[in-house]
Amino acid sequence: MKLMSSDCLARTAPRRFGQRNLRSATITLLGGIACSVIGCANPGLTTASDSNLSSASSDAARLESKNKSARSETSQLPVPPGLESSAVRRWASDDPHAFVSLPETIAQAELKLNAETTSADQPDVSDEMAANALKLYARGKLALLDNRTLSAIIDLQKAQKLDPRSVPILRELAHAYEMEQQPAKARDLYIKLLQLDPENVEVLFRVGISLEASNDWMRAVAYLGRFDHIADEQSVETGPRMMARWSLASSLAQLGYDTAYIQVMQKVLADAEGLADIQDLSPRLSALYRQRSSLWRALGDAQCRLGQFDDAQKSYQQASILPGAD
């Protein structure tokens, strides 16, 4: 779903900022981010708990009635005076994505992900196999510390074959692939690791960011949505949470889930205001702070597409008083 960049502000806001050449938000998030700011505990998602899925589905059902009403009202909204209809392509009231709330969207993404996930039967691991795997793991980890990544990969691959359910082996092998600039192989291992340990925030973060960068947006929504929920419970630092939300918002925009996108982007922009007081920002957070004007503009565009013209005007006004990204 292509995100439309309308010229709505020039017609609706009292202050024209078309001349300020505000660019549409550009979100570039690379896979395989080293998330040292989050302690690596256990990795996991794809097998979200039954209780979480049940709760999410319940929330989705309760919200459906409200969504239908909102869609009906929005479809009847007139285009504001002075704004040509062609400038804002409002969604049809029965669009299957645009009016879905964030909790309902994440619930859909997780259900789809779990339906696609198959857990292969793993052979039993004898004591001797486990002991040999541990020796290979230790040798591979030592090779990683010496920057001998190819040797490390060979030893860790052998260790994984002996003990395929070992979380430390999977984690170190994925890390070795990252060091060898093979993010897809690393991501596949992290996903296996999440099947064993569904609430590891570091791995959820890594997988979600990598999937968004690979344009696998629906799966990115599932992992990043899960990360954001668990991050609340585990008091994860602000930086990773902001980056995850930014990537989540990008995925939702690409999929055309504008209501959910707005809900996430409003959190991103609220958090971004606090970055002004932080010294030595990471390059990615610095980029987020510099792009606030473009992000406000993109938020206004989405609000226009939903017929939320008053909110869009406020977003455009906010964009107009901020400097553009350099």
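Look a little higher up for the structure.
Just so you know, these numbers come straight off a predicted model, no measurement behind them.

Draft legend 1. How the structure looks around the nonpolar core. Core analysis: the largest hydrophobic core is formed by 76 residues, its most contacted members being V207, Y223, F227, L252, Y261, M265 and L288. In contact with L252, not counting residues within four places along its chain, are L102, T105, V221, Y257, A260, Y261 and V264.

Draft legend 2. Main features of the packing of aromatic side chains. Scanning all chains against the criterion turns up one aromatic pair. Seen in terms of ring centroids, F205 and F227 are 5.5 Å apart; in terms of plane orientation they differ by 55°. Their pairing is tilted. Pair noted here: F205 is in helix α8 (residues 201-213) and F227 is in helix α9 (residues 217-234), with a separation of 22 residues, a long-range link. Judged by its relative accessible area of 0%, F227 is buried. Across the ring face of Y289, the terminal group of R292 is positioned such that the distance to the ring centre comes to 3.9 Å.

Draft legend 3. Spotlight on the environment of E104. Structurally, E104 is set in helix α3 (residues 102-116). Between the alpha carbons of E104 and A260 there is a distance of 8.6 Å; along the sequence they are 156 residues apart.

Criteria and cut-off values
Residues numbered from 1 in each chain as written. Predicted model: local features only at pLDDT ≥ 70, side-chain atom pairs only at ≥ 80, totals over all residues. Heavy atoms only, no water. Core = buried A, V, L, I, M, F, W, Y, C linked by side-chain atoms within 4.5 Å. Buried < 20%, exposed > 50% of the residue type's maximum accessible area, 1.4 Å probe, protein only. Contact = heavy atoms within 4.5 Å. Phe/Tyr/Trp six-rings, centres within 6.5 Å; stacked < 30°, edge-to-face > 60°. Helix = DSSP H or I, 4+ residues; strand = E, 2+ residues; numbered from the N terminus. Lys NZ or Arg CZ within 6 Å of the ring centre and 35° of its normal.

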